[in-house]
Amino acid sequence: MNVAFVFPGQGAQYVGMGRAIFDEYPVARALLEEADEALGMKLSEIILEGPEDTLRLTYYTQPALLTVSVAVWRALVDRVDIQPLAVAGHSLGEYSALVAAKSLSFADAVKLVHERGKLMDEAYPAGQGTMAAVLGLDEEPLRDVCKRASEETGETVELANVNCPGQIVISGAKAAVERASELAKEAGARRVMPLNVSGPFHSSLMQPAADRLGQLLDEVEFQDAETPVVANVDGHPRRMASDLRDALKKQLVMPVRFVDCVLTMKRLGVEAVVELGPGTVLSGLVRKIEKSLETAHAEDPATLDQVCALLTRGGGDGE
């Protein structure tokens, strides 16, 4: 079966995620210890014990999710010898994908996303930026709405996540996002939901964070990927180390084009998309984007068993 692995982004976290995988799989437990050593702190305690308020801090959330997602991937490949056709992630999840593609070491990745979280937190004054999910409006009409809201308010609002047909997230200065939300409803959006986030992520307002992150990325060694990594910024598959680094530099200030990522996987010949890490958000998006793709997810021993069965029999019913 031609399979792709995808890795979740921020928002999928919960206290205790990965506990059963860490308990049952030594390769996963070793990764937890490697994360603590790389960061010089007990990230393992935050993952397993919380408290939730601490885990929710961006600079802990990001390394925690990366650690659990990569641990699930390691547990899977420890059991099943399979070479995916492609890998991808949603925002933060792209770093997990790069580890799975053997382009970035786990130690470098976990340190990078810890710093990425700090930079994202510091890039824009707290409480002055926000994001909202717009349901039931296509990309071009919503782009026009954002342009009009920016002109009216003198502030920035832009597309941030193109998640699936009829679900697009906008991001920017609070006043501009609020105005765009009103205009989106007038333009026919079915619903607009403000998101509980600490900043205007994946917008041009993140440029200060992107500049500093770019410097950090230049200091880290990337390898050419063993598996194509389908990049968030344009949905194109990349293998060359320089291309993969460049995509990460752009990622903080450009939309996550998850729809394009999934359609690219389909064109590459992928038949099943397996989500590795907490939750099933990406599996749900994949089904809305391309119904012909089988989906599965693994985050604990029971779901990992199901994925192993799917991959070894070469087909099945998915979720």
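Values in this document were obtained by computation on a predicted structure and should not be read as measured data.

Bringing the pairing of strand S2 (residues 86-89) into the picture now. Judged by which residues are buried, S2 turns out to be covered on both faces: Ala 86 and Ala 88 on one side and Val 87 and Gly 89 on the other are all buried. In this structure, strand S1 (residues 3-7) lies alongside S2, joined through four bridges in parallel fashion. Looking across to S2, one finds that Val 6 is bridged to Ala 88.

Attention now goes to the pattern of salt bridges. The final tally for this structure, using the stated rule, is 20 salt bridges. A salt bridge links Arg 56 to Glu 52; the shortest N-O distance between them is 2.9 Å. On the accessibility criterion, Arg 56 (42% relative accessible area) is partly exposed. One salt bridge connects Glu 226 with Lys 102, and the closest N-O pair in it is separated by 3.8 Å. Linking Glu 226 in the loop between helix H10 (207-218) and strand S7 (229-230) with Lys 102 in the loop between helix H6 (93-100) and helix H7 (106-122), this pair joins segments that are 124 residues apart in sequence. Counted as one network, the salt bridges with shared partners bring together Glu 139, Glu 140, Arg 143, Arg 257 and Asp 260.

So, about the packing of helix H8 (residues 139-153) against helix H9 (residues 174-186). Two elements in contact, H8 and H9, have axes separated by 8 Å at closest approach and are oriented at 130 degrees. Classified by the angle between their axes, H8 and H9 sit oblique to one another. Seen along the crossing, H8 lies across H9 with a hand that is right-handed. Contacts from Leu 142, Val 145, Arg 148, Ala 149, Glu 152 and Thr 153 in H8 reach Ala 175, Ala 176, Arg 179, Ala 180, Leu 183 and Ala 184 in H9. Grouping the constituent residues of the contact of H8 with H9 by class yields eight nonpolar, one polar and three charged.

Overall, the predicted model of the chain reaches an average pLDDT of 96, with 98% of residues at or above 70. Residue range residues 315-319 is modelled with pLDDT below 50. Its contacts to residues more than four positions away, or to other chains, number 14 contacts.

What counts and what doesn't
Residues numbered from 1 in each chain as written. Predicted model: local features only at pLDDT ≥ 70, side-chain atom pairs only at ≥ 80, totals over all residues. Heavy atoms only, no water. Buried < 20%, exposed > 50% of the residue type's maximum accessible area, 1.4 Å probe, protein only. Helix = DSSP H or I, 4+ residues; strand = E, 2+ residues; numbered from the N terminus. Pairing = 2+ DSSP bridges. Salt bridge = Lys/Arg side-chain N within 4 Å of Asp/Glu carboxyl O. Axes fitted to C-alpha atoms, helices over the stretch in contact; angles between N-to-C directions. Parallel < 35°, antiparallel > 145°, perpendicular 65-115°, else oblique. Left-handed = near helix turned anticlockwise from the far one by under 90°. Contact = heavy atoms within 4.5 Å. Nonpolar A, V, L, I, M, F, W, Y, C, P; charged D, E, K, R; others polar. pLDDT = per-residue confidence, 0-100.

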